[in-house]
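This is what each chain is made of:
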Amino acid sequence: MGSIIPHPAWNKNDVSFDWLYPEPVQQLSKRHWTPMPVALRAARFLASRKDVKILDIGSGVGKFALLAAFHNPEASFYGIEQREDLHEHALSAKAMTGIRNATFIHGNLTQLDLQDFDNFYFYNAFFENLVSTGHIDQSIEYSSSLYHYYCRYLFRELDKKPRGTRLVTYHSMEDEIPPSYQLVDTTVDLLLKMWIKQ
């Protein structure tokens, strides 16, 4: 991984960003990683003040956090990812880009204290549990019961957050969003939604 030379304009578009990764990872990009325009719009909303700590739930190879961190240098971005190989790809990409305000954590969301973070980005990391095809790999267990377990966990944790907490969801079924969060903005296709805790 470390021998890959990043495209000089890695932060300009999705294709150049993908060059940070080996070809098998690039092939997952369209289906599983956040498109750059979505990442930038979400990051602008989440980086609502200086020194804010933003968590990407199910961060994959780190695309959202790296792009968001580059464009919002006064905010700190974190990613939690349970697949060790994707976590390693995120660390490698961080090293190649020289981004300092992005941190990647290897582990399961339920082992992390969400009270340590201010705002959240969620590109439906749980949905893989509801489908029989299109998985990133077979390294983890999939089941509908896991989907509901993770949604309930995130729902409870988000509900504990103080008023003003910001959440961005992309392709979410909204099972993880407490009613205390008000929708304040969305894209025309309704796939990207921005919420604030009331």
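For the structure, see preceding data.
Before going into details, it helps to say that this report is about the structure given with it.

Calculation criteria
Residues numbered from 1 in each chain as written. Predicted model: local features only at pLDDT ≥ 70, side-chain atom pairs only at ≥ 80, totals over all residues. Heavy atoms only, no water. Salt bridge = Lys/Arg side-chain N within 4 Å of Asp/Glu carboxyl O. Helix = DSSP H or I, 4+ residues; strand = E, 2+ residues; numbered from the N terminus. Axes fitted to C-alpha atoms, helices over the stretch in contact; angles between N-to-C directions. Parallel < 35°, antiparallel > 145°, perpendicular 65-115°, else oblique. Left-handed = near helix turned anticlockwise from the far one by under 90°. Contact = heavy atoms within 4.5 Å. Nonpolar A, V, L, I, M, F, W, Y, C, P; charged D, E, K, R; others polar. Core = buried A, V, L, I, M, F, W, Y, C linked by side-chain atoms within 4.5 Å. Buried < 20%, exposed > 50% of the residue type's maximum accessible area, 1.4 Å probe, protein only. Pairing = 2+ DSSP bridges.

### Focus on the pattern of salt bridges
Next, step 1: Taken as a whole and assessed by the stated rule, the structure comprises five salt bridges.
Next, step 2: The residue Asp14 makes a salt bridge to Lys63 at a minimum N-O spacing of 2.5 Å. With Asp14 in helix H1 (residues 14–18) and Lys63 in helix H5 (residues 63–71), this pair connects stretches of sequence that are 49 residues apart.
Next, step 3: In this structure, Arg49 and Asp118 form a salt bridge, with 3.4 Å as the shortest nitrogen-oxygen distance. Here Asp118 lies in the loop between strand E3 (102–106) and strand E4 (119–122) and Arg49 lies in the loop between helix H4 (36–46) and strand E1 (53–57), a separation of 69 residues in the sequence.

### Points about the packing of H4 against H5
Next, step 1: With their axes 9 Å apart at the nearest point, H4 and H5 run at an angle of 60° to one another. In this view, H4 runs oblique relative to H5, as classed from their interaxial angle. Crossing angle aside, the handedness with which H4 passes H5 is right-handed. Residues Met36, Ala39, Leu40, Ala42, Ala43 and Leu46 of H4 form the contact with H5, whose participating residues are Lys63, Phe64, Leu67, Ala68 and His71.
Next, step 2: Grouping the constituent residues of the contact of H4 with H5 by class yields nine nonpolar, one polar and one charged.

### Comments concerning the nonpolar core
Next, step 1: Ranked by internal contacts, the top residues of the largest apolar core, which has 40 residues, are Phe17, Tyr21, Phe64, Leu66, Phe77, Tyr121 and Val168.
Next, step 2: Of all elements in the fold, only H4, H5, helix H6 (84–97), E3, strand E5 (166–170) and strand E7 (192–197) reach the threshold of two or more residues within this core.
Next, step 3: A per-element tally of this core places H4 first, with seven residues.
Next, step 4: Core analysis: the second largest hydrophobic core is formed by 22 residues, Leu112, Leu158, Ile177 and Tyr181 among them.

### So, the sheet that holds strand E2 (residues 76–81)
Next, step 1: What the seven strands build is an open sheet, ordered E3-E2-E1-E4-E5-E7-E6; its pairing is mixed. The open sheet has two free edges, formed respectively by E3 and strand E6 (181–186), since each of these has just one partner strand. Between one strand axis and the next, the sheet turns by 20° as a mean value, whatever way the strands run.
Next, step 2: When E5 meets E7, the two strands line up antiparallel, connected through five bridges. Among the inter-strand pairings, Val168 is bridged to a residue of E7, identified as Met194.
Next, step 3: In the packing of H4 onto the sheet, contacts are made with E1, E2, E4, E5, E6 and E7, and the angle to E5 comes to roughly 165°.
Next, step 4: Across the face of the sheet, H6 comes into contact with E2 and E3 while running at roughly 160° to E3.

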